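# Chain and residue survey
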Amino acid sequence: MNWEPIKLKLEQILNAPLQIVKMTTVEWNDIVEGLPGEFHWDRSLVYNQTLFFYLYREGSLVYAFVVEEVLLTSAERQLVEMMLDFCRSREKKAAVPTRSDEESLAASLREWILQQIEMGIETKEIPDVIAAHSGLHAIKVPFLLYGSYSDHRKTSYLELKKLLEQFFDSGILLIPLSDREWLILGSESLLTASGGGEKGSEVEETQEEALASICFGLYEMMAIEWVGECHLSIAHPIVPAKSLLSTVVQLRGAIHLGRTYHLGENIHLPWLMHLDRLLHLIPEDEKEKFMENVLKRIDYVPDSEMLHTLEHFFELDCNVSETAKKLYIHRNTLLYRLDKFKQETGFDVRSFKHAVLVKIAVSLYKVTKRK
Amino acid sequence: MAGVRLSHIYKRFTGTEAAAVVDFDLEIKDKEFLVLVGPSGCGKSTTLRMIAGLEEISEGELYIGDRLVNDVAPKDRDIAMVFQSYALYPHMNVYQNMAFGLKLRKFKKADIEQRVRASAKILDIEHLLDRKPKALSGGQRQRVALGRAIVREPQVFLMDEPLSNLDAKLRGQMRAEISKLHKRLETTVVYVTHDQVEAMTMGERIVVMKDGFIQQAATPEEVYNYPVNLFVAGFIGSPSMNFISGHLSETGGDMVFKANGVNIIVNEGRAKTLRAKGYGNKEVIIGVRPEDIHQEPVFIEASPHSVVNAHIDVAENLGHEMFLYITGVGENTVIARVDGRAGLKEGTNVKLAIDMNKVHFFDKESELSIFDN
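Residues numbered from 1 in each chain as written. Chains lettered and ligands numbered in written order. Predicted model: local features only at pLDDT ≥ 70, side-chain atom pairs only at ≥ 80, totals over all residues.

### Observations concerning the overall build of chain B
- When you go through chain B residue by residue, the secondary structure sums to 10 helices and 20 strands.
- Considering chain B as a whole, with its 373 residues, one finds that 43% of them fall into the buried category.
- A fraction of 64% describes how many contacts in chain B between residues 6 or more apart in sequence connect residues 24 or more apart. (Helix = DSSP H or I, 4+ residues; strand = E, 2+ residues; numbered from the N terminus. Buried ≥ 20, exposed ≤ 12 C-beta atoms within 10 Å, placed from the backbone. Contact = placed C-beta atoms within 7 Å.)

### Let's talk about the interface of chain B and chain A
- Each partner contributes to the interface: chain B provides 30 residues, whereas chain A provides 35 residues.
- Counting residues per element, the side of chain B that touches chain A draws most heavily on helix H2 (residues 94–104) of chain B, which supplies three residues.
- Classifying every residue of the side of chain B that touches chain A gives 12 nonpolar, eight polar and 10 charged. (Nonpolar A, V, L, I, M, F, W, Y, C, P; charged D, E, K, R; others polar.)

### Side note on the nonpolar core
- If you look at the biggest cluster of nonpolar residues, it comprises 157 residues, and the most contacted ones within it are A:Cys215, B:Leu158 and B:Val190.
- Top contributing element to this core by residue count: helix H8 (residues 207–225) of chain A, with 11 residues.
- Setting aside anything within four residues of it in sequence, one finds B:Leu158 in contact with B:Leu48, B:Ile51, B:Ala52, B:Ile79, B:Met81 and B:Val190.
- Within the second largest apolar cluster, 15 residues are counted, among which are A:Leu338, A:Phe341, A:Val349 and A:Val358. (Core = buried A, V, L, I, M, F, W, Y, C linked by C-beta atoms within 7 Å.)

### Some points on helix H14 (residues 331–345) of chain A
All names here are of chain A.
- With 15 residues, H14 ought to run about 21 Å at 1.5 Å a step, and its terminal C-alpha atoms sit 21 Å apart, in line with that.
- Within H14, burial applies to Leu334, Leu338, Phe341 and Thr345. Down the axis of H14, the buried set is contained in an arc of 55 degrees. They therefore lie on one face. Exposed residues lying more than 90 degrees from the buried face of H14 are Asn332, Tyr336, Asp339, Lys340 and Gln343.
- Where H14 is buried, its residues contact helix H12 (304–315) and helix H13 (320–327). (Expected span 1.5 Å × (residues − 1). Arc of directions from axis to C-beta.)

### Notes on the environment of A:His308
- As for its position among the elements, A:His308 is in helix H12.
- It is 9.0 Å that separates the C-alpha atoms of A:His308 and A:Leu327, two residues lying 19 residues apart in sequence.
- Sequence-distant contacts of A:His308, that is, excluding residues within four places in its chain, are made with B:Ser40 and B:Gly41.

Okay, structure coming up:
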């Protein structure tokens, strides 16, 4: 349970500052034992003029709200105790284990995947004991969802699974890799379901285009119907029993690269990230050296407008008219900016040779210099 | 329906020094059509995404209606968002795309049907309901994305450059459609755009942003006629306002503005204010909109104190109007918008008069407008 919002609400109501502290059970028990009279150790206690409200125990640690004793009346103290009791019992009810077969499978898969990754293994078939599940031998479309929301917006496995199943209108396998990272295995039929229909479908869509449009659609749905900002990646269809592990590694890599080199983007398609992947392999000192030789050759620090302009210029294949249109600026303004860049750095990005160097430098700039 | 209140909002991204949005303090009225406009990286999309719940707020409070929503998930904010990409759900047909949000919210089948059909009628896409997105044109997809938002009847519509992927003709058409839709639905709309034409024609109020700061929040007319600073003056208007840097001085009881090739008398009413504010003998920047530079002989005759002699470098004749790119007036090229039938030719010299009642004066250091609205 996330106690932070409850703490904030209590602070507002009681008009008193609260803190969440943790201590070992030994420390907690020592305090309790030193108290006069009988004590329900999961209630509250006063120690050194400080009031401790027990929250929960995790392993050998006890967590508590702490407030100065004088700031609360006895009635307020009892009310807080009652409220915390209620929160704990509600959480207990919610946590009653009702694990389905699928959840158990997801848990075993998660454990196995994380174990392999921890051992540095990136390619391995799923052991038969787990892969016996029928779904893992059928072709699936794998997605990786990363939620970059804060703790108080956590979502539950069941909630997310229900949402995704309604969206895809079919069963999916959802594997929570961490609190914020979810592997989704969707049915292969998704690719055929997005076919055109009666008109306009004569233009053949490549598999990658179809995958991208599913990913964009899913992102848009998640942005509106879920809990907050997220990043998504998708890979080519796989037989999970054979290549789930390598796909997870690939998708994780894509999201990591995307979040590093493509700030502001939320969909990261692995087949569009070849250059980023290559650049990422370059050792840090080599990256620095390259930057010194290119962008920093005259202590040049590009402003955000220049970076933005260059990024769009490269994205639109160095097409001046298209870039000006995209940036809502006059063609002459763009030419002026490019000329200014040339004057300041010596690089004319309208020439292919220079464009290649600057494109690489702009990508590296994001990870080495940008503040 | 509800208003939106952004109270001293800041957004700081991890790993960056400068805040993307700084002290954004604004009340958006219920049913208002508010446009956020500014150059790339000014923080307008980030502000919209914070209202949507897609970016967390670093500091400040956000209210939708009377409800503090800083920690409320997007799905629970009762908003509908239309993105730039307007990606539809490719495996669903148009009807299913529009119905999905309602289905999630467990609306009755009959209600869903009624809402989808009514919205489809408004958007003129009834005949497309069975089609898959792939079989739709860009404009049709855009309408479906709008429809997906409309069916939800949210308290607030958030639109992030929804027309930027359409061609110019369709964009003009959809601009009018969205404005009509707003009047019909009477819902609060927050609309982000780069495009000042969209901002000027659609917004009941415009917020011009730069570097994360609000520069000016006012009606389109106010922003155009009374820009608070050089940035707003230069950003709103196409072609942009001309700026001429020069010196104000007193000659024979008149206040004169002097710059390269410019020697014009400031109207007495304005001169009085300028003197009172201490600009009697100071460097200032004047701003002149292209349409406030005249070539008509009648105007030139009536304004003998604001005549300039210029050289036409380029003349772009659009038929009904002509853009003259002239030199010899200040240090930079100045653009004048004159009658397309004026018969002016590039490479020639021309006599023009500046409408001194419409000239803007800016402090050279602070870049703020010297005259209040």
